Amino acid sequence: MNAEGFGEPQGGAPMGRPEGFGEPQGGAPMGRPEGFGEPQGGAPMGRPDRRGSAARAVAAGAPAGMAGGLLFGLAMAHIGTLPTVANLVGSGSSKAGFAVHMAISAAVGAGFGLLVRGQRCGPAETLFLGVGYGALWWCIGPLTLLPLALGQPPAWQLQAAQQQFPSLVGHLLYGVGTALAFVVLHGPDDPAGRTRSPTAGALLRGALAGGLAALLLQWVLQDRSPALVLGPALGVVLAALAPRTSQGAGAALVRGQAYGFVAWVIGELTILPLLGDAGLRWSLEEARASFVSLPGCLLLGAVTALARECLDGLAPMLSSEHLRAYRGATAGSGVLAAGLRGAIAGLLGGAVISELMLQGAVPAVAERLTGSGGLLVGFAVNLAIAVAIGVSYGLLFRRLGQDVTCALGWGLSYGFLWWVLGPLTLLPALLGSEPQWTAAAAGGALTALAGHLVYGACLGVAFHLLEAPFGVPWLARTRSEALRAQRRLDALLAATPALSALLVAMLLTVLVVVVGA
């Protein structure tokens, strides 16, 4: 329904952008004045001259690694594992072990600086990469290099890896400490050298969001809810590491889940036990006993992030200081269209995993809901649930899947969240029992975990393919809006590897804890 020439100015300018709009003489692209953001020497926009940045990254990464190593080293002294590290230099002294540990920490920290160099990560993404980096070095160090250096085979069996679980928690803590220290020492890696510090209002909204989320979960979950103090603390951390919340509810949900996992490692396994004079809960048995608090922490992080997104959305009504950036408008980007595409993508994902789901609790849920059993009814209920989750994904994640890799990351993270919400929480409630948050119950739901990850991957990719024809171009009204839209795109693309790394660390930790519980 497009009359010939309608919306097509002379000369072939695309619809939604008059010929020459935002295109200064000399061919500078829309939304970027000629030479804007291009430093002398020819560095392209958004990619400043990187000469000397490797040395800068190493200079910040090495002391950052030592800061993270200091935290880990103190914990190692507490649990008595420093003599094992000292065996690398032929000594059994704890002091020698601590010295070797700090030297290794500095070298690994320098590697982290090189890893994140040029990634254009904000503080939050750096934190997530640090957690994933710590998990990677747990596999490289205690499971591989350390046994080989001591003349033993790599500890690649599940039982051997579970024996090294305290080291896994320590490496995750090392990653957190290294990442935060690197953010302070290295400074912003922004194309224009800009950074935005959190305002008092942002911190207050974060604390309020966390407090409301903690109270809500305490009302719903009662004794299963996380410690009340974790809510405001988590909200303040969210506001401090990510002052901007312009990426939408779906991104906030996934980020909040990631923060919830970090809060479980730092809070439930480390700080809260120390404050209660109970010592570190880093053994496998103690982690299994504390696993019941992990789903609550994940939900606390997700609800806190969503609440903060809502409060930040209300802030412009009270002050012009926090005006949100214009996100651009695209054809076919409405709520109804996104919900429909999500339903189709969810239907596809549900069909792919139907066989796995029919082996779990879905048939029992179908019989309880419909009063009749059988595989056909179970299949229909499974598809209905998949479509409903797909609709929610479409509404939350529309215009977030900028490419297939990005969409895959969002889908996998959303699938993991629904493993916690579904088989461990809502399905038991539908069957008339309490949420199954124990390590043993989670271990029995590993098939469902695999199914939800496959479903999430299919959902994310299918939704992206359905949305892609309508997702470009961004129809910015001014050059400044085009620049803000480009910065939002860059932030989304930078978040993908960081959140994927943390998801891998989270899955690794869950598997080590629940298998065999």
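Basis of the calculations
- Residues numbered from 1 in each chain as written.
- Predicted model: local features only at pLDDT ≥ 70, side-chain atom pairs only at ≥ 80, totals over all residues.
- Heavy atoms only, no water.
- Helix = DSSP H or I, 4+ residues; strand = E, 2+ residues; numbered from the N terminus.
- Buried < 20%, exposed > 50% of the residue type's maximum accessible area, 1.4 Å probe, protein only.
- Contact = heavy atoms within 4.5 Å.
- Expected span 1.5 Å × (residues − 1).
- Polar contact = N/O pair within 3.5 Å; in protein donor to acceptor, adjacent residues only side chain to side chain.
- Axes fitted to C-alpha atoms, helices over the stretch in contact; angles between N-to-C directions.
- Left-handed = near helix turned anticlockwise from the far one by under 90°.
- Nonpolar A, V, L, I, M, F, W, Y, C, P; charged D, E, K, R; others polar.
- Core = buried A, V, L, I, M, F, W, Y, C linked by side-chain atoms within 4.5 Å.
- Phe/Tyr/Trp six-rings, centres within 6.5 Å; stacked < 30°, edge-to-face > 60°.
- Salt bridge = Lys/Arg side-chain N within 4 Å of Asp/Glu carboxyl O.
- pLDDT = per-residue confidence, 0-100.
- Patch = residues over 30% accessible without salt bridge, like charges linked within 9 Å, V, L, I, M, F, W, Y side chains within 5 Å.
- Areas by Shrake-Rupley, 256 points an atom, 1.4 Å probe, with all protein chains shown as cover.

Draft legend 1. Examining the overall build of the protein chain more closely. Along its length, the protein chain carries 19 helices and zero strands. The buried share among the 517 residues of the protein chain stands at 46%. In the protein chain, the proportion of contacts linking residues at least 24 apart, taken out of those at least 6 apart, comes to 76%.

Draft legend 2. Geometry of helix H7 (residues 200-221). In this model, H7 (22 residues) spans 31 Å end to end at C-alpha, consistent with the 32 Å of a helix rising 1.5 Å per residue. Here H7 has its buried residues at Ala 202, Arg 205, Gly 206, Ala 209, Gly 210, Gly 211, Ala 213, Ala 214, Leu 217 and Leu 221. The first or second residue beyond H7 is Gln 222, which carries a positive phi of 60 degrees.

Draft legend 3. Structural view of the side chain of Thr 144. Checked against the element boundaries, Thr 144 lands in helix H4 (residues 123-149). Side-chain polar atoms of Thr 144 contact the backbone oxygen of Cys 139, separated by 2.7 Å. Sequence-distant contacts of Thr 144, that is, excluding residues within four places in its chain, are made with Cys 139, Pro 154 and Trp 156.

Draft legend 4. Examining the packing of helix H1 (residues 53-79) against helix H6 (residues 165-186) more closely. Put simply, H1 and H6 touch, their axes get as near as 7 Å, and they point 145 degrees apart. Between H1 and H6 the crossing geometry is right-handed. Of the residues assigned to the contact of H1 with H6, the class counts are 14 nonpolar, ten polar and one charged.

Draft legend 5. Examining the nonpolar core more closely. Core analysis: the largest hydrophobic core is formed by 111 residues, its most contacted members being Phe 128, Phe 261, Trp 410, Phe 416 and Trp 419. With 13 residues, the top contributor of residues to this core is helix H19 (residues 479-514). With near-sequence residues (within four places) excluded, Trp 419 lies in contact with Leu 424, Ala 442, Ala 445, Ala 448, Leu 449, His 452 and Val 510.

Draft legend 6. How the structure looks around the packing of aromatic side chains. Following the criterion strictly, the structure yields eleven aromatic pairs and no others. With 5.7 Å between their ring centres and 85 degrees between their planes, Phe 112 and Phe 182 make a pair best called edge-to-face. You can see Phe 112 sitting in helix H3 (residues 94-116) and its partner Phe 182 sitting in helix H6, a full 70 residues away along the chain. Of the two residues examined, Phe 112 and Phe 182, each falls in the buried class.

Draft legend 7. Expanded view of the pattern of salt bridges. All told, the structure shown has four salt bridges when counted by the stated rule. Between Arg 205 and Asp 312 there is a salt bridge, and its shortest N-O distance comes to 2.5 Å. Here Asp 312 lies in helix H11 (residues 294-318) and Arg 205 lies in helix H7, a separation of 107 residues in the sequence. Each member of the pair, Arg 205 as well as Asp 312, is classed as buried. A salt bridge links Asp 312 to Arg 308, with the shortest nitrogen-to-oxygen separation between them at 3.5 Å. Of this pair, Asp 312 and Arg 308 are both found in helix H11, four residues apart, which corresponds to roughly one turn of the helix. The buried category is assigned to Asp 312, whose relative accessible area is 8%. Among the ionic contacts, a cluster of salt bridges with common partners joins Arg 205, Arg 308 and Asp 312.

Draft legend 8. Structural detail: the side chain of Thr 126. Relative to the elements of secondary structure, Thr 126 occurs in helix H4. What makes Thr 126 buried here is its relative accessible area of 5%.

Draft legend 9. Structural context of the packing of H7 against helix H8 (residues 230-241). The geometry of H7 relative to H8 is characterised by a closest axis approach of 7 Å and an angle of 145 degrees between their N-to-C directions. As H7 runs across H8, the sense of the crossing is right-handed. Contacts between H7 and H8 involve Ala 202, Leu 203, Gly 206, Ala 207, Gly 210, Gly 211 and Ala 214 from the former and Gly 231, Pro 232, Gly 235, Val 236, Ala 239 and Ala 240 from the latter. Residue composition of the contact of H7 with H8, by class: eight nonpolar, five polar and no charged.

Draft legend 10. Representation of the environment of Ala 242 within the structure. Take Ala 242: it is sitting in the loop between H8 and helix H9 (249-275). For Ala 242 and Ala 202, which are 40 residues apart along the polypeptide, the C-alpha to C-alpha distance reads 9.7 Å.

Draft legend 11. Structural context of the environment of Leu 449. For Leu 449, the location among the structural elements is in helix H18 (residues 446-471). Residue Leu 449 is classed as buried on the basis of its relative accessible area of 5%. Those residues in contact with Leu 449 that lie beyond four places of it in its chain are Phe 416, Trp 419, Leu 507 and Leu 511.

Draft legend 12. Just the confidence of the model for the protein chain, in detail. Averaged over all residues, the pLDDT of the protein chain equals 82, while 82% of them reach at least 70. Note on residues 319-332: pLDDT under 50 across the span, and 39 contacts to partners over four residues away in sequence or across chains.

Draft legend 13. Spotlight on a nonpolar patch on the surface. On the surface, Leu 208, Leu 212, Leu 215 and Leu 228 cluster together to form a nonpolar patch covering roughly 360 Å² of accessible area. Relative to the elements of secondary structure, Leu 228 occurs in the loop between H7 and H8. Given the relative accessible area of 40%, Leu 228 is considered partly exposed.

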